[in-house]
Amino acid sequence: MAHAELAPPQDGMTPDVTRPQGWLTSLERILGTLVEIPVAILVVAEIGILFAGVVARYGLHQPLVWSDELASILFLWLAMLGSVVAFRRGEHMRMTALVATAGPRMWAFLDVVATCAALAFLLLVVAPSYEYAYEESYITTPALQIANSFRAAALPVGISLMIVFAFLRLLRYGQTRTVLMALGTVVAIMGAFWLAEPFLRTLGNLNLIIFFVGVVGLCVFAGVPIAFGFGLAIFGYMALTTRTPIMVLIGRMDEGMSHLILLSVPLFVFLGLLIEMTGMARAMVAFLASLLGHVRGGLHYVLIGAMYLVSGISGSKAADMAAVAPVLFPEMKKRGAKPGDLVALLSATGAQTETIPPSLVLITIGSVTGVSISALFTGGLLPGVVLAITLGALVWWRYRDEDLSHVKRASRRDIGRAFIISLPAIALPFVIRAAVVEGVATATEVSTIGIVYAVLAGLLIYRQFDWSRLRPMLVDTACLSGAILLIIGTATGMAWGLTQSGFSRSLAAAMTGLPGGGATFIAVSIVAFIILGSVLEGIPAIVLFGPLLFPIARLVGVHEVHYAMIVILAMGIGLFAPPFGVGYYAACAIGRVDPAQGIRPILGYLLALLVGLIIVAIFPWISIGFL
């Protein structure tokens, strides 16, 4: 995001060309608050419902037959209202690397174009979404016996609210001429495609390149949020080259966003924010620092280890990096570490820990491919260790001559005290994994166990729980989750279009026919997913290509869990690799370092990650040895 989930552009990273005063600003703020309050309540409700389900089933042996159904209904509302919050804040995931190289005037223009493009997609699908919600009224839910339109109504309501905020944003822009030029540009491009419809219908599958490569590429590189770029591509493909009703696209979006396993996305995001707020992350880092702080490059090893441990709790890379970096960076800078090297290593550890459960990418793979979540959680631990070793080897080489004459070694008493303080925090990843493996809770429900554990640890053990931060954390959770889930929805629509076109059969035939069998297939996949991770980020790439490539992996004899680890690590390298990887810029934003300072240092870390990835690819036992 973010994933995905990783890092949307920060508020200060885009040009501010809106009017700061006036009734429009007040109206926008009031509407935003009216959306944020229910979305925060929805996050709390989902936690309560799922945790109650765990207690009733495992503790009281009286399952709540309606809990999953109610959670699913509320989840779609959470996803859509979270998308609205993300849209209002300008935090939908997008790639700004190329846009940022333009001058301020062009950047401002492209920013308006991005808003207009998103608005165009929303206007095109709002009527079909209302039609879809009406059709769902004929379906009754099995447990609660209510019309399914109560759930499906989240789609038109969310889309309509985003339209309102899009218009408010355009009205608040300070330069009317820029807005008119941007609107004219978007309308002209869409008009050209509409006029070309008779010609496009004669091209057959060449339209896949035009829409899913050309349109998507144009949108992504122009800074249009990825979710809306995907949406425009699949809408154009369906409307101009097929006779499929657009309501089908809304149905595919609903299907993609409504997998109950994806409910763990907002819950693990919230858990990541909790461990930072309660001091659990700081306790783990302090213990590791007491162990290794006196060793040459010791705090760099601590950074690698801390990211591994914290990633076993939150599943969100942005939350992981934000929890670890502020604790370690000041002391590392005092010891002479260069800021560019620090964000380079932070970015590299983000890629290294992509497979550590409960990674949001692991959950997404399980959702779209049917691979066992428990197997993915088990298989993801050791590949992260292998990449940690390759990164550690490079750290040892770079810092073998570090001057530590001024560093005092921690006593055994200090180490023991730090260990006791950190023990509840260190135990949390093992509690989460044990709950899934032992069948106490599903991969979705286990996040609620982690949340309750973190709340109790913060209140009773660490005595650090800032109630005033709770509402902003709940809203931030919904915001990031909505941005991720809308991408999954539109990417599911694109994946459906690719499948219906016959592309999946052609791809399967081409990949299975490669010389070298499984080895060549893995090599091609590594290259492809590094590129996809850099351009599309991990979650949308998985939703698009996972259903296509995982069956091929089985055909050529590659174990699906082994293949999952390979593609996740490859995507992680692309996601955190400059100049396009948005994860790299997230690391720079968290570390408050100019991205240019980290370009040279990160090359060595990327090479170390690639060596680790090759080792994981060559030896399947690393991924499947403990299944």
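Residues numbered from 1 in each chain as written. Predicted model: local features only at pLDDT ≥ 70, side-chain atom pairs only at ≥ 80, totals over all residues. Heavy atoms only, no water.

A short note on the overall build of the protein
(1) Moving on: Secondary structure summary: the protein contains 28 helices and zero strands in total.
(2) Moving on: Expected size for 627 residues packed as a compact globule is a radius of gyration near 25 Å; at 24 Å, the protein falls within 12% of this value.
(3) Moving on: Dimensions of the protein, computed from the C-alpha atoms along their principal axes, are close to 75 × 60 × 55 Å.
(4) Moving on: Across the 627 residues that make up the protein, the buried fraction comes to 58%.
(5) Moving on: With an accessible surface of roughly 24,600 Å², the protein has 67% of that area assigned to carbon and sulfur atoms. (Helix = DSSP H or I, 4+ residues; strand = E, 2+ residues; numbered from the N terminus. Rg over C-alpha atoms; globule rule 2.2 N^0.38 Å. Buried < 20%, exposed > 50% of the residue type's maximum accessible area, 1.4 Å probe, protein only. Areas by Shrake-Rupley, 256 points an atom, 1.4 Å probe, with all protein chains shown as cover.)

A word on the packing of aromatic side chains
(1) Moving on: Summed over the entire model, instances satisfying the criterion amount to 12 aromatic pairs.
(2) Moving on: Aromatic pair Y134 and Y138: ring centres 5.7 Å apart, planes at 85°, arrangement edge-to-face.
(3) Moving on: Its relative accessible area of 51% is what places Y134 among the exposed residues.
(4) Moving on: Feature note: the residues F193, F211, F212 and Y237 constitute an aromatic cluster, connected by ring pairs.
(5) Moving on: Over the aromatic face of F87 sits the side chain of R169, whose NZ or CZ is 4.8 Å from the ring centroid. (Phe/Tyr/Trp six-rings, centres within 6.5 Å; stacked < 30°, edge-to-face > 60°. Lys NZ or Arg CZ within 6 Å of the ring centre and 35° of its normal.)

Points about the nonpolar core
(1) Moving on: Membership of the largest hydrophobic core comes to 219 residues, with the highest contact counts inside it found for F212, F228, I365, F529, Y563 and Y605.
(2) Moving on: Top element by residues in this core is helix α3 (residues 104–135). It accounts for 17 residues. (Core = buried A, V, L, I, M, F, W, Y, C linked by side-chain atoms within 4.5 Å.)

Digging into the pattern of salt bridges
(1) Moving on: Overall, the coordinates contain 10 salt bridges when judged by the stated rule.
(2) Moving on: Between E36 and R88 there is a salt bridge; the shortest N-O distance is 3.0 Å. With E36 in helix α1 (residues 23–59) and R88 in helix α2 (residues 67–89), this pair connects stretches of sequence that are 52 residues apart.
(3) Moving on: With a relative accessible area of 23%, R88 lands in the partly exposed category.
(4) Moving on: The partner of R89 in a salt bridge is E36, with the nearest N and O atoms 3.8 Å apart. In this pair, R89 is assigned in helix α2 and E36 in helix α1, connecting sequence segments 53 residues apart.
(5) Moving on: A cluster of three or more residues bridged by salt bridges with shared partners is formed by E28, E36, R88, R89, R471 and D476. (Salt bridge = Lys/Arg side-chain N within 4 Å of Asp/Glu carboxyl O.)

Comments concerning helix α18 (residues 381–398)
(1) Moving on: Spanning 18 residues, α18 covers 26 Å between terminal C-alpha atoms, matching the ideal 26 Å at 1.5 Å per step.
(2) Moving on: All of the buried residues in α18 are P383, G384, V386, L387, A388, T390, L391, G392, L394 and V395.
(3) Moving on: Among the structural elements, α13 (298–311), α15 (339–352), α17 (373–379), α25 (560–575), α27 (595–618) and α28 (621–624) are those in contact with the buried residues of α18. (Expected span 1.5 Å × (residues − 1). Contact = heavy atoms within 4.5 Å.)

So, the environment of L609
(1) Moving on: Checked against the element boundaries, L609 lands in helix α27.
(2) Moving on: With sequence-adjacent residues up to four places away left out, L609 is seen in contact with A348, A351, Q352, L387, T390, L391 and I573.

Digging into the confidence of the model for the protein
(1) Moving on: Summarising the model, the protein shows a mean pLDDT of 85, and 94% of its residues fall at 70 or more.
(2) Moving on: Below pLDDT 50 for its whole length, residues 1–14 participates in 55 contacts with residues either more than four positions away or in separate chains. (pLDDT = per-residue confidence, 0-100.)

Regarding the environment of G279
(1) Moving on: When you line up the elements, G279 lands in the loop between α11 (264–277) and α12 (280–292).
(2) Moving on: With 175 residues separating them along the chain, G279 and A454 place their C-alpha atoms 9.8 Å apart.

So, a nonpolar patch on the surface
(1) Moving on: Side chains of L607, L610, V611, I614, I615, I618 and F619 sit close together on the surface and give an oily, nonpolar patch of about 600 Å² of accessible area.
(2) Moving on: With respect to the element layout, I618 can be found in helix α27. (Patch = residues over 30% accessible without salt bridge, like charges linked within 9 Å, V, L, I, M, F, W, Y side chains within 5 Å.)

Thoughts on the environment of Q145
(1) Moving on: With respect to the secondary-structure elements, Q145 resides in the loop between α3 and α4 (149–152).
(2) Moving on: A sequence separation of 283 residues divides Q145 from L428, and the C-alpha atoms of the two residues are 38 Å apart.
(3) Moving on: In this structure Q145 touches E69 and T140, once residues within four positions along its chain are discounted.
(4) Moving on: Of the polar contacts made by the side chain of Q145, one reaches the backbone oxygen of P142; its length is 3.0 Å. (Polar contact = N/O pair within 3.5 Å; in protein donor to acceptor, adjacent residues only side chain to side chain.)

Examining unusual backbone geometry
(1) Moving on: Backbone geometry at H61 places phi at a positive 60°, although glycine is not the residue there.
(2) Moving on: Looking at the secondary structure, you find H61 in the loop between α1 and α2.

Re the packing of α11 against helix α20 (residues 446–461)
(1) Moving on: The geometry of α11 relative to α20 is characterised by a closest axis approach of 9 Å and an angle of 20° between their N-to-C directions. Here α20 runs roughly parallel to α11, going by the angle between their axes. Of the two possible hands of crossing, α11 and α20 adopt the one that is left-handed. Two secondary-structure elements touch here, α11 through S264, L267, F268, F270, L271 and L274 and α20 through V446, S447, T448, G450, I451, A454 and V455. (Axes fitted to C-alpha atoms, helices over the stretch in contact; angles between N-to-C directions. Parallel < 35°, antiparallel > 145°, perpendicular 65-115°, else oblique. Left-handed = near helix turned anticlockwise from the far one by under 90°.)

Focus on the side chain of T390
(1) Moving on: Examined against the element boundaries, T390 turns out to sit in helix α18.
(2) Moving on: Exposure remark for T390: the relative accessible area of 14% places this residue in the buried category.

Regarding helix α26 (residues 582–591)
(1) Moving on: Most of α26 sits inside the fold, with seven of its 10 residues counted as buried.
(2) Moving on: Among all positions in α26, only V582, G583, Y584, A586, A587, C588 and G591 are buried.
(3) Moving on: Directly after α26, the chain includes R592, whose backbone phi takes a positive value near 55°.

Brief notes about the state of the cysteines
(1) Moving on: All chains considered together, the criterion is met by zero disulfides.
(2) Moving on: Note on C116: no disulfide assigned, nearest cysteine sulfur contributed by C219 at a separation of 13 Å. (Disulfide = S-S within 2.5 Å.)

Some points on the packing of α3 against helix α10 (residues 247–257)
Working note: a packed helix pair is described by the angle between its axes plus the distance between those axes.
(1) Moving on: Where α3 meets α10, the axes come as close as 8 Å, and the angle between the chain directions of the two elements is 80°. Between α3 and α10, the interaxial angle falls into the category roughly perpendicular. For the pair formed by α3 and α10, the contact residues are F121, V125, P128, S129, E131, Y132 and E135 on the first element and M247, L249, I250, G251, M253 and D254 on the second.
(2) Moving on: Class assignment for the residues of the contact of α3 with α10 results in eight nonpolar, two polar and three charged. (Nonpolar A, V, L, I, M, F, W, Y, C, P; charged D, E, K, R; others polar.)

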